[in-house]
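Overview (structure and organization)
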Amino acid sequence: MTLTPPLFLALTLGLMGVQATVDLRTAAAMAAGLCKTRPTDLVFIVDSSRSVRPSEFEQVKVFLAKVIEGLDVGPNATRVGVVNYASRVKNEVSLKTHRTKAALVKAVTKVEPLSTGTMTGLAIQFALNVAFSENEGARVKSPDISKVAIIVTDGRPQDNVKDVAQRARDAGIEIFAIGVGRVDMSTLKQMASEPLDDHVDYVESYSVIEKLTKKFQEAFCACSNSATDVVFLIDGSKSVRPENFELVKKWINQIVDKLDVSDSKAHVGLVQYSSLVRQEFPLGRHNNKKDLKEAVKKMAYMERGTMTGQALRYLTDKSFSIGHGARPGVSKVGIVFTDGRSQDYIGDAAKKAKEMGFKMYAVGVGNAVEDELKEIASEPTGEHYFYTADFKAMTQIAKKLQINICQEEDPCECDSLVKFQKKVEEALQALTKKVESMSKRIALLENKIV
């Protein structure tokens, strides 16, 4: 059978369309594998009172849709519900209603503002009694299933939120509170879970609420291979002073709160140094957060000098050795804290730590030398060293310090949507080249036939 040019073109483009579909599906699969969110029952509680203008409410819906895009949505993964409230409460989307991202996003776009008062307490009570009930699709309470509520509001509640929020938290619901514009910050703190620094956010207007998208994508991101060994190397020199040393211990525990501490996941070790180096506890000794945080609180202040180089050598030679509890084949993360210039040379030890594949974070306060921090920190340096002049500002560093607890060859990237779009663009570019090449072949064939 001889193919005419038009038929040949149709069949060719049809086959290429199949290939394009395969390419796009491959890109989607690759993107989906980058960020696997842990199983969660997630309910958005959204203020649509009269102070929220229609255009602003549209921006809230865009924010919701973008967070949803970064989730691993499915019956056995993340289920999403939406509660809309003003003076009354409306259950817009139940946890059982939509099992795909596309359906969820479509449902979110259809939500309309109620435009009356601001009964935030009533909305939280509704979420507790109804939205998180099994009848509405919530799963039976389990350590493997997270229960999360994200409240978005721009005003002062007209009812009490403190008691009902406490009941919700006692029921195992983790509450994030997002305030916009002239919101009452004290009520946000009454609603949110501890630590407040991680659960309370403020934006000056609805137009910039989208900037919180990445935070919430990261909050729900769980790596498939999240085993890691983390060692804190803490400066206990006399310049720190006792009252600040207590702040340092609180800062360590703030970071511990972010880790998935268990026998099979994150192990944490603690080393203090001054003129000498002292191991407070090795990796693997405390494999739950409660015991780990208690051990940190008991750390006694050493005082004396600042031998950071000696401490780094201890880290490379001992802390991450099997004899000190380190696990073979597991990611190694070192977090070095100092408040002053080292009294010995750090260059060789800092270089060795990075050559051995350790991911090194350097945190400096007060008189710490930024050049030394940069020398300790892994590349890219800007993401691995932090400095503040005031010990009381260390909380902000703990919020910024995001420890990647995945293997390099299997990273947990919660900007999966961006990665997916990049793959799609690459697939389309490849398809365009194929079409151009095929068009030239068809033109040559047509010339031969003519």
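Note that the structure is a prediction, hence the values are computed from the model and not measured.

This paragraph deals with the sheet that holds strand 14 (residues 385-388). Within the open sheet, the six strands sit side by side as 11-10-9-12-13-14. Their pairing is mixed. For this open sheet the edge positions go to strand 11 (277-281) and strand 14, each flanked by a neighbour on one side alone. This sheet shows a mean twist of 15° between the axes of neighbouring strands, independent of strand direction. Of the strand pairs in this sheet, strand 9 (residues 228-235) and strand 12 (residues 331-338) are connected by seven bridges, and their pairing is parallel. Note on strand 12: the bridge partner recorded for Phe 232 is Ile 335. Strands strand 9, strand 10 (266-273), strand 12 and strand 13 (359-365) of the sheet are contacted by helix 9 (residues 242-256), whose axis makes an angle of about 170° with strand 9.

On to the confidence of the model for the protein, then. Should pLDDT be low for a region, the predicted coordinates there are not to be read in detail. Residues of the protein with pLDDT of at least 70 account for 80%, and the chain-wide mean is 82. Looking over the protein, one finds the lowest element-wise mean pLDDT in helix 1 (residues 5-34), namely 39, and the highest in helix 4 (residues 120-131), namely 97. pLDDT under 50 marks residues 1-34. Its contacts with residues more than four places away, or in other chains, come to 31 contacts. Predicted confidence is poor over residues 404-418, with pLDDT under 50, and the contacts of this stretch with residues over four places away or in other chains come to 37 contacts.

Strand order in the open sheet formed by six strands is 4-3-2-5-6-7, with mixed pairing between adjacent strands. Two strands close off the open sheet at either side, each with one partner strand: strand 4 (89-93) and strand 7 (200-203). The average undirected angle you get between the axes of adjacent strands in this sheet is 20°. With seven bridges joining them, strand 2 (residues 40-47) and strand 5 (residues 146-153) adopt parallel strand pairing. In the strand pairing of strand 5, Asp 41 is matched with Lys 147.

Looking at chain direction, strand 10 and strand 11 are connected through four bridges and run antiparallel. Within strand 11, the position partnered with Tyr 273 by the bridge is Val 277. In this antiparallel pair of consecutive strands, strand 10 and strand 11, the connection spans three residues.

About the criteria used
Residues numbered from 1 in each chain as written. Predicted model: local features only at pLDDT ≥ 70, side-chain atom pairs only at ≥ 80, totals over all residues. Heavy atoms only, no water. Pairing = 2+ DSSP bridges. Helix = DSSP H or I, 4+ residues; strand = E, 2+ residues; numbered from the N terminus. Axes fitted to C-alpha atoms, helices over the stretch in contact; angles between N-to-C directions. Contact = heavy atoms within 4.5 Å. pLDDT = per-residue confidence, 0-100.

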